[in-house]
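The lines below spell out each chain.
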Amino acid sequence: MADWFELIHIQPFEDMRGSLKKLLMISQLKEDEKIEEIYVLFSNQGSVRGNHYHKETLEYFSVISGKANVALKNLHTGAFEEIVMSANNNVILKVPPYVVHAFKNEGEEPFIMVAISSKEYNKDDTDTFPMIII
């Protein structure tokens, strides 16, 4: 696996009621990392999200329902990687600045993803730079 993004493996707590997945804890953040925004994405069949990068923003993603094909490109090295994320593989994707990221739903059902961002979205200063990779 590449060293320019991170897949954080999590261990859900499970009992007869179901499961609990802790997506991110303060103990996982480095001293200079912070969280300013959390949101949920709902993506229909055939849709693509992302296809952009950030210069300052660090993001975490976790699929909580369905499956997402993920493309990542490191702008510093040109390295490219594709992975599949689903609710079943129990990983959190950590995407640092200058990594283009895109998510495509090639399944029949919608996928639902939680996103955690180090920078609150500001329409006047988005820190979002389009680049199509998927």
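Each value, and the rule that gives it
Residues numbered from 1 in each chain as written. Predicted model: local features only at pLDDT ≥ 70, side-chain atom pairs only at ≥ 80, totals over all residues. Heavy atoms only, no water. Core = buried A, V, L, I, M, F, W, Y, C linked by side-chain atoms within 4.5 Å. Buried < 20%, exposed > 50% of the residue type's maximum accessible area, 1.4 Å probe, protein only. Contact = heavy atoms within 4.5 Å. Pairing = 2+ DSSP bridges. Helix = DSSP H or I, 4+ residues; strand = E, 2+ residues; numbered from the N terminus. Axes fitted to C-alpha atoms, helices over the stretch in contact; angles between N-to-C directions. Salt bridge = Lys/Arg side-chain N within 4 Å of Asp/Glu carboxyl O.

## A look at the nonpolar core
Val70, Leu72, Leu93 and Met113 are the most contacted members of the largest nonpolar core, which has 20 residues in total. Setting aside chain neighbours within four positions, we find Leu93 in contact with Phe5, Glu6, Leu7, Glu59, Tyr60, Phe61, Val70, Leu72, Ile83, Met85 and Phe103. Judged by nonpolar contacts, the second largest core, of 9 residues, contains Ile8, Leu23, Leu58 and Val114.

## A look at the sheet that holds strand β9 (residues 91–95)
Spatially, 5 strands are ordered β1-β9-β6-β11-β4 in an open sheet, and the strand pairing comes out antiparallel. Of all the strands in the sheet, just β1 (6–9) and β4 (37–43) have a single pairing partner and so form its edges. Within this sheet the neighbouring strands show an average axis-to-axis angle of 25°, counted without direction. In the sheet, β1 pairs with β9 via 4 bridges, with the strands oriented antiparallel. When the sheet's bridge partners are listed, Glu6 is paired in β9 with Lys94.

## Details of the pattern of salt bridges
Enumeration according to the criterion identifies 7 salt bridges in this entry. Of the charged contacts, one joins Glu6 and Lys94 as a salt bridge, the two residues approaching to 3.9 Å between their closest N and O atoms. Taken as a pair, Glu6 in strand β1 and Lys94 in strand β9 lie far apart in primary sequence, 88 residues in all. Measuring nitrogen to oxygen at the nearest pair gives 3.3 Å for the salt bridge that ties Glu56 to Lys119. In this pair, Glu56 sits in the loop between β5 (48–53) and β6 (59–65) while Lys119 sits in the loop between β11 (111–117) and β12 (129–130), placing the two residues 63 residues apart along the sequence. The class for Glu56 is exposed, based on a relative accessible area of 57%.

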